[in-house]
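# Reading the structure
What follows is each chain in one-letter form.
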Amino acid sequence: KANYISYGGVNIATSDKRQATSRNSAIFVGRLDEQTGIKTYIKAVKLIRKKIPDFKFEIIGDGKFRKDIEKDFKVAGLKNDPQNYFQQYNFAFVSRYLSILEAMIVKRFVFAVYDNPLKKDYLEMTPFSKFISISNSASDLVSKISFYLKNPKEKERMVENAYSWAKKQTWDEIVNTYLKLWKKGFAR
């Protein structure tokens, strides 16, 4: 039984100012491989663009799928703090804890995907699972994106709850957790 559980740490954004974003926009930040769900996100964007042709989608990352992805989408490497990228888009397409926290701390709605039972548990068993949208297919993801585009008040309610949780997940809190463990003798 664990004494403490950490989901990662983030720096709280220096400003609560949200940069102007297109309502019809999303960004993926992460590795371009099978563990991050990038192919599911890409399939979903292709489906969304059939209904919303101007849906803006940016991909920031690198990995073994990059050359294949660049056949259809522009891919940029990570050059700045991920929070700077998230602030420019309405939705964050991310499925890893640290990226999820980084999106939540700048008040971006998170769509996470899974393709196996372990990843499903990884996402659904976290305390923040009720503040994000979790899908297992491109069509389910498109359905949920459509719902939140039509229901912005529900989206904002979820974003505010996610932000409230994320701002308690700072690097200072992680340091304090380690210090508590050290004082109890668990970290020696």
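Predicted model, so just to flag it, every value in this text is computed and none were measured.

### Regarding the overall build of the protein chain
Helix and strand counts for the protein chain stand at eight helices and six strands. When the helices and strands of the protein chain are read in sequence order from the N terminus, they spell out β-α-β-α-β-α-β-α-β-α-β-α-α-α. The C-alpha atoms of the protein chain give 17 Å as radius of gyration, which agrees with the globular expectation for 188 residues (16 Å, within 12%). In terms of overall dimensions, the protein chain has a C-alpha envelope of 55 × 35 × 30 Å along the principal axes. Burial analysis of the protein chain (188 residues in total) assigns 47% to the buried set. Intrachain contacts of the protein chain at a sequence separation of at least 6 include 67% that bridge at least 24 residues. As displayed, the protein chain has an accessible area near 10500 Å², and 52% of this comes from carbon and sulfur atoms. Considering the protein chain, the positive charge centre built from 35 side chains and the negative charge centre built from 20 side chains are found 2 Å apart.

### Digging into the packing of aromatic side chains
As enumerated under the stated definition, the model contains 14 aromatic pairs in all. For the ring pair Tyr-41 and Phe-93, a centre distance of 5.0 Å and an interplane angle of 15° mean the geometry is stacked. Taken as a pair, Tyr-41 in helix H1 (residues 38–51) and Phe-93 in strand S4 (residues 91–93) lie far apart in primary sequence, 52 residues in all. Assigned by exposure class, Tyr-41 and Phe-93 land together as buried. Ring plane angle 85° and centroid distance 4.9 Å describe the contact between Phe-147 and Tyr-148, whose orientation is recorded as edge-to-face. Look at Tyr-148 and you get buried, because its relative accessible area is 11%.

Criteria and thresholds
Residues numbered from 1 in each chain as written. Predicted model: local features only at pLDDT ≥ 70, side-chain atom pairs only at ≥ 80, totals over all residues. Heavy atoms only, no water. Helix = DSSP H or I, 4+ residues; strand = E, 2+ residues; numbered from the N terminus. Rg over C-alpha atoms; globule rule 2.2 N^0.38 Å. Buried < 20%, exposed > 50% of the residue type's maximum accessible area, 1.4 Å probe, protein only. Contact = heavy atoms within 4.5 Å. Areas by Shrake-Rupley, 256 points an atom, 1.4 Å probe, with all protein chains shown as cover. Lys, Arg positive; Asp, Glu negative; His and termini not counted. Charge placed at Lys NZ, Arg CZ, Asp CG, Glu CD. Phe/Tyr/Trp six-rings, centres within 6.5 Å; stacked < 30°, edge-to-face > 60°.

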